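Now for the letters of each chain:
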Amino acid sequence: MLAGRSLGRGYDWLWTAFAVSTFGTWIAFDAFPLLAILVLHARPEAVSALAAVGLLAGAAVAVPLGPWIEFRRKRPVMIAMDLIRFAATISVPIAFVLGRLTFVQLVVVAVIMAAADAAFRAASGAYLKALVKPDDLVIANGRLEATTWTATAIGPPLGGAAIGMFGPVVTVVANALSFLLSALAIRRIGGGEPVPAQRQAQGFRAAELIEGWRAILAHPVLRLLFFNTVLVNGLIMATAPLLAVLMLRDLGFAPWQYGLAFGAPCIGGLIGARLAPSLAARFGQRNVLLAAGTLRACWSLGLAFMPNGAAGIAVVFALQFGLVTCAGIFNPVFAAYRLARIEMERTARVLSAWTITSSATIAVLTALWGVLAGFAGVRTAVALSGLLLLTTPLLLPRRALRAWQGVGSRS
């Protein structure tokens with residue numbers, strides 16, 4: 001019932017923009033690592049470095065963007081970031097066709113994409129908070145989460161098949177076009193937009209650059225959720241390039257099999273996201289956060305032991321299905337709680353700080369895990385990530401959340 005309620009025309013167009021760009025991104029799932037492996041014949045260390053350097057440099061570029069976005073209208077910022085992402089992405093297939101694609105270009109484009117992604121997320125999160133009622137935040141985020149997992153389930157298999165039929169850059173073209181369509185959808189939102197907060201003084205001050213982190217660390221629940229989510233995302237994503245190497249090079253899977261193994265299980269994320277509003281209403285957001293946040297850490301270790309052939313695909317499917325179902329439940333409840341606890345005039349800075357820290361952590365851990373894989377082997381590196389993930393539920397704010405009363409009943 002709740003999931004079918006209209007949240008307004010503005011939200012529908014924002015949802016459309018999100019859906020288009022998300023489908024484009026997942027059709028181009030791991031396109032840059034695939035290009036590095038299949039076209040440029042890069043080693044595992046280089047593939048991990050591509051992901052790490054892009055995210056880390058992009059995070060550094062994004063640091064001043066949080067306060068810059070805070071004091072500007074969010075829709076023009078979102079459109080600008082879409083256009084920047086289009087220009088950066090389309091340069092890759094152009095260079096490929098001309099025979100001039102290089103590893104350095106992939107790194108530069110990855111940096112631009114990481115910075116633009118961080119800016120877009122901060123602006124869209126702040127815009128969403130102003131666009132829907134506080135009681136509708138779980139529903140709104142649940143729909144976005146369901147869209148993400150639908151795209152994740154459908155996109156990689158389609159992308160893998162497209163690569164097999166048309167070559168390795170066709171999915172990059174599709175991703176670039178998705179950013180143009182997203183910009184057009186955001187323009188269609190129409191209507192007014194809340195006047196952004198006014199800066200007290202001209203220019204940026206150091207205090208403005210760190211205000212997002214200060215607000216996070218001052219909040220007893222957000223602080224622990226911050227450390228938990230950043231570490232979980234970092235440990236999971238650090239192994240993504242290594243799993244590509246393990247499956248595509250070491251175990252001999254075809255690109256479409258790789259895409260299917262990681263894409264099909266994401267139907268679990270769709271199921272989880274659809275269930276999240278009902279579970280939060282029935283059991284309370286606190287209990288859902290603790291249960292789903294704990295369970296989502298229990299699956300990744302098994303990926304280190306995947307066999308080859310059909311059995312390997314089955315193992316990946318089972319483990320990924322469990323992981324993404326738990327994540328699909330956790331993420332919208334977490335996103336709604338986070339938005340509800342951030343002051344409107346600090347929303348963009350807090351979300352920007354969160355994204356920057358997550359990207360930087362993923363970058364550092366990806367680089368470290370690439371080095372570890374070079375010394376100890378890919379499977380050992382994946383296993384260590386899984387073992388560390390098992391400890392992350394200790395960072396969930398169990399005591400702090402007990403003091404949070406009534407939020408679940410109002411959602």
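Computed from a predicted structure; not experimentally measured.

Moving on to the overall build of the protein. The secondary structure content of the protein amounts to 19 helices and zero strands. Against the globule reference of 22 Å for 411 residues, the protein gives a C-alpha radius of gyration of 20 Å, in line with a compact fold. Going through the 411 residues of the protein one by one, you find that 54% of them count as buried. Relative to all contacts within the protein whose residues are 6 or more apart in sequence, the contacts with residues 24 or more apart total 87%. On the protein, roughly 17,100 Å² of surface is accessible, and the fraction owed to carbon and sulfur atoms is 68%. Placing the 33 positive and 15 negative side-chain charges of the protein at their respective mean positions leaves the two points 4 Å apart.

Per-residue confidence for the protein gives a mean pLDDT of 84, with 91% of residues at or over 70. Averaged pLDDT values for the elements of the protein fall to 39 in helix H19 (residues 407–410) and rise to 95 in helix H17 (residues 378–389). Counting contacts from residues 404–411, a segment whose pLDDT is below 50, to residues more than four positions away or on other chains yields 17 contacts.

The end-to-end C-alpha distance of helix H5 (residues 74–97) is 36 Å, a good match for the 34 Å that 24 residues give at a rise of 1.5 Å each. One or two positions beyond H5, positive phi appears at Gly-99, with a value near 75°.

On to the pattern of salt bridges, then. Summed over all chains, the structure comprises six salt bridges. The partner of Glu-211 in a salt bridge is Arg-346, and the shortest N-O contact between them spans 3.0 Å. With a gap of 135 residues between them, Glu-211 in helix H9 (residues 206–218) and Arg-346 in the loop between helix H15 (309–341) and helix H16 (347–376) connect regions that are remote in the sequence. With a relative accessible area of 29%, Arg-346 lands in the partly exposed category. Of the charged contacts in the structure, one is a salt bridge between Asp-250 and Arg-249, with a shortest N-O distance of 2.8 Å.

In this section: the nonpolar core. Counting 59 residues, the largest nonpolar core has Tyr-11, Ile-69, Met-78, Leu-128, Ile-186, Leu-225 and Trp-354 as its most contacted members. The element best represented in this core is helix H6 (residues 103–131), accounting for nine residues. Ignoring sequence-local partners within four residues, the contact set of Ile-186 consists of Ala-17, Arg-75, Met-78, Ile-79, Asp-82 and Phe-120. The next biggest cluster of nonpolar side chains, apart from the first, holds 50 residues, and it includes Ala-244, Ala-304, Trp-369 and Ala-373.

Bringing the packing of H6 against H16 into the picture now. Here H6 crosses H16 at 140°, and the two axes come no closer than 8 Å. Between H6 and H16, the angle is such that the two are oblique. Helix-helix and strand crossings are classified by hand; for H6 and H16 the assignment is right-handed. Residues Ala-118, Arg-121, Ala-122, Gly-125, Ala-126 and Lys-129 of H6 lie in contact with H16, whose contacting residues are Thr-347, Ala-348, Leu-351, Ser-352 and Thr-355. Considered class by class, the residues forming the contact of H6 with H16 number five nonpolar, four polar and two charged.

Turning our eyes to something else, we now look at a nonpolar patch on the surface. A cluster of nonpolar side chains, Ile-84, Val-104, Val-108 and Ile-112, forms an exposed patch at the surface whose accessible area comes to about 320 Å². It is H6 that contributes the most residues to the nonpolar patch, three residues altogether. Overall, the relative accessible area of 44% leaves Val-108 in the partly exposed class.

Between helix H13 (residues 267–283) and helix H14 (residues 285–295), the least distance of the axes is 6 Å, while the angle of their chain directions is 120°. Classified by the angle between their axes, H13 and H14 sit oblique to one another. On H14, the residues touching Leu-279, Ala-280 and Phe-283 of H13 are Gln-285, Asn-287 and Val-288.

Right, let's talk about the side chain of Ser-352 for a bit. By the secondary structure assignment, Ser-352 is in helix H16. Once you skip the residues sitting within four places of it in the chain, Ser-352 turns out to touch Ala-62, Gly-66 and Ala-122.

This next bit is on the packing of aromatic side chains. Under the counting rule described, the total for this entry stands at six aromatic pairs. Each ring, one from Tyr-11 and one from Trp-15, has its centre 5.8 Å from the other, and the planes form 40°; the classification is tilted. Here Tyr-11 pairs with Trp-15, and both are found in helix H1 (residues 9–27), just four residues apart, close to one helical turn. Its relative accessible area of 27% is what places Trp-15 among the partly exposed residues. Arranged with centres 5.7 Å apart and planes meeting at 15°, the rings of Phe-330 and Phe-334 form a pair that is stacked. Within this pair, Phe-330 and its partner Phe-334 are both found in helix H15, separated by four residues, close to a single helical turn. What makes Phe-334 buried here is its relative accessible area of 8%. Taken together through their ring pairs, the aromatic side chains of Phe-226, Phe-227, Phe-330, Phe-334 and Trp-354 make up a single cluster. Here Arg-85 stacks its cationic end above the ring of Phe-120, 4.5 Å away from the centre of that ring.

Cut-offs used in this document
- Residues numbered from 1 in each chain as written.
- Predicted model: local features only at pLDDT ≥ 70, side-chain atom pairs only at ≥ 80, totals over all residues.
- Heavy atoms only, no water.
- Helix = DSSP H or I, 4+ residues; strand = E, 2+ residues; numbered from the N terminus.
- Rg over C-alpha atoms; globule rule 2.2 N^0.38 Å.
- Buried < 20%, exposed > 50% of the residue type's maximum accessible area, 1.4 Å probe, protein only.
- Contact = heavy atoms within 4.5 Å.
- Areas by Shrake-Rupley, 256 points an atom, 1.4 Å probe, with all protein chains shown as cover.
- Lys, Arg positive; Asp, Glu negative; His and termini not counted.
- Charge placed at Lys NZ, Arg CZ, Asp CG, Glu CD.
- pLDDT = per-residue confidence, 0-100.
- Expected span 1.5 Å × (residues − 1).
- Salt bridge = Lys/Arg side-chain N within 4 Å of Asp/Glu carboxyl O.
- Core = buried A, V, L, I, M, F, W, Y, C linked by side-chain atoms within 4.5 Å.
- Axes fitted to C-alpha atoms, helices over the stretch in contact; angles between N-to-C directions.
- Parallel < 35°, antiparallel > 145°, perpendicular 65-115°, else oblique.
- Left-handed = near helix turned anticlockwise from the far one by under 90°.
- Nonpolar A, V, L, I, M, F, W, Y, C, P; charged D, E, K, R; others polar.
- Patch = residues over 30% accessible without salt bridge, like charges linked within 9 Å, V, L, I, M, F, W, Y side chains within 5 Å.
- Phe/Tyr/Trp six-rings, centres within 6.5 Å; stacked < 30°, edge-to-face > 60°.
- Lys NZ or Arg CZ within 6 Å of the ring centre and 35° of its normal.

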